[in-house]
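Residue-level listing of the chains:
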Amino acid sequence: MDTAVAEPIAHFDLPGLLEESAESDLIPKLRNALQSASTQLDCEFGDGRSAGELLRSRATLIDDLLRHAWEALGLPKERIALVAVGGYGRGELHPHSDIDLLILRDGNNEADSKGLESFLTLLWDLGLQIGHSVRSVDECIEQARKDVTVLTNLIEARLLLGEEKLLTAVAAGTQDTEMWAPDEFFKAKLSEQGARHAKFGDTEYSLEPNLKGSPGGLRDLQLIGWLAQRHFGWRSVAELTDNQFLTEAEATTIIHGQEFLWRVRYALHMITGREEDRLLFDHQRELARMWGFVDGDKLAVEQFMQLYYRWALALSQLNEVLMLSFDQAVLQAAADDVTLDINDWFELRNGYISAKRDTVFEEYPGGLLEVFLHAGNNPQALGIAAQTIRLIREARHLIDDDFRRNPEHRQLFLEVLRSNNRLTRQLRQMSRYGILGRYLPAYGQIVGQMQHDLFHSYTVDAHTLQVIENIRRFLKPENDERFPVTSRVARRLPKIELLYIAGLFHDIGKGRGGDHSELGAVDARNFCEEHGLGRRDTNLIEWLVRNHLFMSAVSQRKDISDPDVVQEFAKHVGDQNRLDYLFALTVADINGTNPKLWNAWRGSLLRQLYTECKRALRRGLENPADKQEWITETREAAAKLLEYRGFTESELSNLWQERGEDYFLRERAEDIAWHTEAIEGHQDRGQPLVLVRNGVESSVANTTQIFIYASFDIGAFSRTCSRLEQLDLSIHDARIYHGSDGMSLDTYFVLDSSGKAVEDTDRLRHITSYLSDKLSPETGQGSITSRLTPRRVRSFRLDTETSMRVDEDRSVSVLEVVSLDRPGLLARIGEVFVEFELICQAAKIQTLGERVEDVFFVTDMQQQPIFDEQLAEQIQSSIRNKLDSQESQ
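Each chain carries its own residue numbering, running from 1 in the written order of its sequence. Only residues with pLDDT of at least 70 are given local features in this predicted model, and only at 80 or more are side-chain atom pairs given and counted; all residues enter the totals for whole chains, interfaces and linings. Excluding hydrogens and water, the side-chain figures rest on all heavy atoms present in the structure.

## Considerations on the side chain of H531
Consideration 1: Under the scheme used here, helices are H or I runs from DSSP no shorter than 4 residues and strands are E runs no shorter than 2 residues, and both carry numbers assigned from the N terminus. Relative to the helices and strands, H531 is located in the loop between α26 (516–530) and α27 (535–546).
Consideration 2: Accessibility expressed as a relative area gives 10% for H531, which makes it buried.
Consideration 3: Within polar-contact distance, the side chain of H531 engages the backbone oxygen of F527 at 2.8 Å.
Consideration 4: Any two residues whose heavy atoms approach within 4.5 Å at even a single point are treated as in contact. In this view, H531 contacts R410, F413, L414 and Y439; residues no more than four positions away in its chain are not counted. Note on classification: 1.4 Å probe, protein chains only; a residue is buried when its accessible area is under 20% of the maximum for its type, exposed when over 50%, partly exposed between these limits. Side-chain atoms alone can form a polar contact between residues adjacent in sequence; in general such a contact is a pair of N or O atoms within 3.5 Å, and within protein one must be able to donate a hydrogen while the other accepts it.

## Some words on the packing of aromatic side chains
Consideration 1: Working definition: a ring pair exists when centres of Phe, Tyr or Trp rings (six-membered ring for Trp) sit within 6.5 Å. Plane angles under 30 degrees give stacked, over 60 give edge-to-face, the rest tilted. Taken as a whole and assessed by the stated rule, the structure comprises 29 aromatic pairs.
Consideration 2: Ring geometry for F232 and W234: centres 4.2 Å apart, planes at 10°, overall stacked.
Consideration 3: Feature note: the residues F403, F413, Y439, F505 and F527 constitute an aromatic cluster, connected by ring pairs.
Consideration 4: In our convention, an over-ring charge means Lys NZ or Arg CZ found within 6 Å of a ring centre and within 35 degrees of that ring's normal. Positioned above the aromatic ring of F664 is the side chain of R635, whose terminal nitrogen or guanidinium carbon lies 4.7 Å from the ring centre.
Consideration 5: Lying over the aromatic face of W674, R693 brings its terminal NZ or CZ to 4.1 Å of the ring centre.

## Concerning α27
Consideration 1: Here, expected helix span is obtained from the residue count minus one, scaled by 1.5 Å. Its 12 residues place the ends of α27 16 Å apart at the C-alpha level, agreeing with the 16 Å of an ideal helix rising 1.5 Å per residue.
Consideration 2: Residues of α27 that are buried include every one of D537, T538, L540, I541, E542, W543, L544 and V545, and no others.

## Description of the sheet that holds strand β8 (residues 383–384)
Hydrogen bonding along the main chain pairs the strands of a sheet, whether they run parallel or antiparallel.
Consideration 1: Strands pair, by our definition, only if DSSP identifies at least two bridges between them. Spatial ordering of the open sheet is given by β5-β6-β7-β8, a layout of 4 strands whose pairing is mixed. In this open sheet, the two strands that pair with only one neighbour each are β5 (339–341) and β8.

## A look at unusual backbone geometry
Consideration 1: Notably, Q244 is not glycine yet its phi reads approximately 65°, a positive angle.
Consideration 2: Among the secondary structure elements, Q244 is positioned in the loop between α11 (237–242) and α12 (248–272).
Consideration 3: Backbone geometry places D728, a non-glycine residue, at a positive phi of 65°.
Consideration 4: Assignment of secondary structure puts D728 in the loop between α36 (716–726) and β11 (729–738).

## Things to note about the environment of L340
Consideration 1: Here L340 shows up in strand β5.
Consideration 2: For L340, a relative accessible area of 38% puts it in the partly exposed group.
Consideration 3: Discounting chain neighbours no more than four positions away, the residues touching L340 are E347, L348 and Q380.

## A short note on helix α32 (residues 627–643)
Consideration 1: Taking 1.5 Å of rise per residue, 17 residues should cover 24 Å, and α32 covers 24 Å from first to last C-alpha, within 8% of that figure.
Consideration 2: Along α32, the residues classified as buried are I631, T634, A638 and L642. For α32, the buried positions fall inside an angular range of 70° around the axis, keeping them on one side. Within α32, the exposed residues directed more than 90 degrees away from the buried face are E636, K640 and E643.
Consideration 3: As for α32, its buried residues are in contact with α33 (649–656), α34 (661–666) and α35 (669–680). Read the arc as the range of directions from the helix axis to the C-beta atoms.

## As for a negative patch on the surface
Consideration 1: On the surface, D626, E629, E633 and E636 cluster together into a patch of negative charge.
Consideration 2: Summarising the element assignment, E636 is placed in helix α32.
Consideration 3: For E636, a relative accessible area of 53% gives the class exposed. Exposure above 30% relative accessible area and the lack of any salt bridge qualify a residue for a patch; like charges then connect within 9 Å, and the nonpolar side chains Val, Leu, Ile, Met, Phe, Trp and Tyr within 5 Å. A 1.4 Å probe and the Shrake-Rupley method give the accessible areas. Residues count as covered only by the protein chains that appear here. For salt bridges, the criterion is a side-chain nitrogen of Lys or Arg within 4 Å of an Asp or Glu carboxyl oxygen. By the counting scheme adopted, Arg and Lys are positive, Glu and Asp are negative, and His together with the chain ends is not counted. A single reference atom marks each charge: NZ on Lys, CZ on Arg, CG on Asp, CD on Glu.

## Quick word on the pairing of strand β10 (residues 704–711)
Consideration 1: Across the 8 residues of β10, 7 count as buried, placing the element largely inside the fold.
Consideration 2: Sheet analysis places β10 next to strand β12 (residues 743–752), joined by 8 bridges and oriented antiparallel. Directly across from F707, in β12, lies its bridge partner T747.

## A closer look at the nonpolar core
Consideration 1: Judged by nonpolar contacts, the single largest core of 203 residues is most densely connected at L66, Y88, L101, F119, L123, F326 and F413.
Consideration 2: Apart from residues no more than four positions distant in its own chain, F119 is found in contact with L66, A69, W70, L73, L75, L82 and L101.
Consideration 3: What is meant by a nonpolar core is a set of buried Ala, Val, Leu, Ile, Met, Phe, Trp, Tyr and Cys residues, joined one to another through side-chain atoms within 4.5 Å. Of all hydrophobic cores here, the second largest spans 42 residues; its members include F717, F833, A843 and I875.

## Quick word on the pairing of strand β1 (residues 80–84)
If a strand is regular, its side chains alternate between the two faces of the sheet.
Consideration 1: Counting buried positions over the 5 residues of β1 gives 5, a clear majority of the element.
Consideration 2: Burial of β1 is two-sided: the residues I80, L82 and A84 facing one way and the residues A81 and V83 facing the other way are all buried.
Consideration 3: Looking at chain direction, β1 and strand β2 (residues 99–105) are connected through 5 bridges and run antiparallel. Its bridge partner lying in β2, A84 is registered against L101.
Consideration 4: Two strands pair when backbone bridges link them, and β1 and strand β4 (residues 158–162) are joined in this way by 4 bridges, in the antiparallel orientation.

## Some points on the sheet that holds strand β3 (residues 130–136)
Consideration 1: Taken in spatial order, the 4 strands make up an open sheet running β3-β2-β1-β4, and their pairing is mixed. Two strands lie at the open edges of the sheet, namely β3 and β4, each paired on one side alone. Ignoring which end each strand starts from, the neighbouring axes of this sheet average 25° apart.
Consideration 2: Two strands pair when backbone bridges link them, and β2 and β3 are joined in this way by 7 bridges, in the parallel orientation. In the strand pairing of β3, L102 is matched with S133.
Consideration 3: Axis angles are defined between N-to-C directions and span 0 to 180 degrees, where every axis is a line fitted to C-alpha atoms and, for a helix, only to the segment in contact. Sheet contacts for helix α3 (residues 51–72): β1, β2 and β4; angle to β4, the most-contacted strand, approximately 25°.

## Observations concerning the packing of helix α30 (residues 576–593) against helix α31 (residues 600–619)
Consideration 1: As a packed pair, α30 and α31 sit with axes 11 Å apart at the nearest point and diverge in direction by 175°. If you check the angle between α30 and α31, you find them roughly antiparallel. Contacts between α30 and α31 involve Q576, L579, D580, F583, T586, V587 and I590 on the former and, on the latter, R602, L606, R607, Y610, C613, K614 and L617.
Consideration 2: Polarity classes work like this: nonpolar for Ala, Val, Leu, Ile, Met, Phe, Trp, Tyr, Cys and Pro, charged for Asp, Glu, Lys and Arg, and polar for all others, with Gly in that last group. Taken together, the residues of the contact of α30 with α31 sort by class into 8 nonpolar, 2 polar and 4 charged. Should an angle lie under 35 degrees it is considered roughly parallel, over 145 roughly antiparallel, and from 65 to 115 roughly perpendicular; all remaining angles are considered oblique.

So this is what it looks like as C-alpha cells:
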C-alpha cells in the first residue's frame, strides 16, 4: 500500500557511479557503485531523510543495477520478463532485505537457462540477498491457485524488463473471477494474520517484538494494502480515505506509523549489518541512543520502547477497525441487516453493538462507558462495530475532569468493574481505544511502559489487565486443578470487585520515581473516595495496593518454617479477610508478571505461608506459637511415624541427640522420619548418603527433594551447588544442619531447567548415583560449570549488590546478594564462604528474569554471626568482585 507523499525521489546515476570506479571488471565496478550508493543512503538516513524515500531510492538503484547486469550479460528481452515481487515489488527495499525476483518465461531454452544462471550468480557475487523463482505463465497461475502466499506476492508484481504481456497474462489469470474469490481471499489472509499474531504471543507488547510479524507491525499494514488492492483495486492510503474506509486522522496515523517502523527497521539493518526484524535487547539500547533518549525517571531504552509500543498499538487498532470494515464490505455485503434495538443510543446490528447515529457520544458522553457494558453483558454481541469504534476514538477527548466528576459516569465505571461477563475483554478494549487511559489518567501514563528486564514479560498496562484476567480465572471451575487453594479463596471473597480495583491500581504508580506501591496506594484511595466506596472497602484496597509485594517477598526471602516469621507476617496482615484478598492478589500478580515465573515451588511456598498465617490468626495474635511446643509436637509426630517402622523411643533419642532444635523447628515430621530411617541404615560414615524424592513423594509438592548426609566439610556447599548445576538442576531452597558429631544434614529443593520437578525414575537414579560419587571430599572441589550465559541475559549489565546484617534471634548473619544470573553463580559464592571459613546454614534462592536475589544465612566456624563489620564488608567485597569479574570476561 502506497503511503508516499508527493515528494521527488532522488535517483542514483548508475552510469556515473560506474565511471567513477577504477575497476575494469563488471562485478567489482557494480560492487563499488552499490557500496558508494549504500553509504550515501546511510548518511542521508542519519541526516533525517524520510525512510520511505530511502527505501524507494534503494529499490530504484537495484532496478537500474539489475537492468545493467542483464544487458551486460547479453540476456534476451523477448519471450521473457524480469519481475520484482514482494517488498521489492512494492518499491520498499531496506539495506539488507531480500530482493525477490520472478522470472517469467515463454518456453524453455537451454541457452537462456545458462544465461539466467550467470545472471543470478553475478547478483550473489555482489553480496545481494536474492530470492527467485523461474516459471512459465501457466505454472505461475497454478502455484497461485494452490497457495495464497504466492498470489499475494503477485499482487505487488512490478515489471523490470522484458515482455510486459507475460506479466499481464499472469494478472489476468489470477484475478478474483478466476481464483481466490474476495471472501476466500479475505478469510485466508485473516487466518494467516491470526496464526502470525499467535506466533508472536498475540500482543503488541512482546519484550523483543518483531517489526514485521508482531501485532501492529509492518505485516498488519501490508495486509490492509493487499485486501484493498485485491478487492477494490485501491493502491494507496489516499484511495482508502477517498472511499471512506479511513478517516483523515487514521490515514495520517498509518502514514506516520509506517514511517516510524521503516526508520526503526532501517536502523536495525545498519546496526546489525544484516536483515533483522527483531527488536532484541542488544539493539534496543542503541536504537534509544539513535532516537536521542537519555536516562531519567525512566531509562532511555524504556522511553524508546514505550514510543514503539504506542505506535504498534495505534496501528494494531487501525488494522482491527479495517478488518471489521472489510468483513462488512466483503463477507456481509450480500446479507440483509439484522438489527435489534437496545436503547435510545445503541442497537445490535449483525451481531455488533452499534451507535444509532454518528452524534451519539456528543449527545450522551456517558455512552463512552455504557457501550462497553452492552458489549460485555449482551450475550448476542460479537463485539463493537467498526464505525462505532471510530466514533469512540474520535470522541474520547470528551472524557475530561468534568466527565470524571460526573456521578453517573462514576457509577457506570463501577458497573463495568462489577460485570460478571467478559470483564477482561471489555477492559482490554477500553484500554485499546484510549477510554481507560482517559478515565484514569494515571493508567494512561503506563500504557506501553516497559520495564527493561527479563522478569516482566509485559508492559505495565498489559500486566495490569493480565492480573485482572487471572483473578477472573480463579472463579472458573476449569482452573481449579492449577489453582486449587486460590480458587476456593477467591470464590469466598465477599466483594470480588474490590480485588479488581486493587489489581487495576497495584502497579499504576510505576515510572514516576519513588515507591510505586505507595504512589499507587494514594491513587487507589482517591479513586475509592471519589467513587463513593465505603471506608472499610477503601482502606482494604489501599492496604492491598501498598502491600501487594509483601506476601511474595516473605514467602521467597524468609524462612517461613520459623514460627516467628509467620507470627510477624500475621501481625502485619491483621485478619483473615485481608489475608484472603492478599493471597489471591499475590497469585494473580505473579502469574501475570511472567508465564515462566509461576511454578509449583512458588505455589507451595505461598500456600504454606497462607496456611500457617491462617492458623496464627485463628489462634489469636496475642497467642503466638510456642517454639518449644512446636518442636515437641514435631518430634512426637515423627516418632509416631517411626514407631510403625520398628524404632524404639531410646533408639530415636540416641539418633536425635545430635540434632539441634532448629532441625525440628524447620523440618516436617514426615521428612524427619525419612531422614532418620535412612541414616540409621547407613553404615559407611566416610561416604555421603544421598536420598532423592520426586515431586509426588516430596513433602513440598511438585519439587525434587535431595537429602545429603555426610561428614562436615566447609567446601560442601560450593561443591554441591556446582554438581547440581552440572545435572541441570536449579536450587530454590537449601537447609543445612551441622551436628556436634561432625556430620552434616543438608536438604536441597530443586527443579529442572523447565521449572518442574524431576519425575523420570532413571534420571532420579542417575542423580543419586552421580551425587554419591561426586560429593565425597576425596573427589576434590570440581570445576565450576563453564556454560555460556544465555544471549538475553548477556544483554544486561548489573553490578552485584550485597548487604549483610546480624539476626540475633536466630544467631546468624543474613547475607543478601542481587546479581546478574549466570552459570556457576552459587558455586562461586560458595568459594567465598570457604575463603572466609563461613558455614552456610540455609539459603533462599530466587531467580527473577536476568537477575538473582539470593539470601544466605551464615555463621563462622563457631556457629556465631559475623559481628565484625570490617570482616562483613570484606566478605561482601569478595563476592562482588568474584561475580562481576566473571561478568566482564
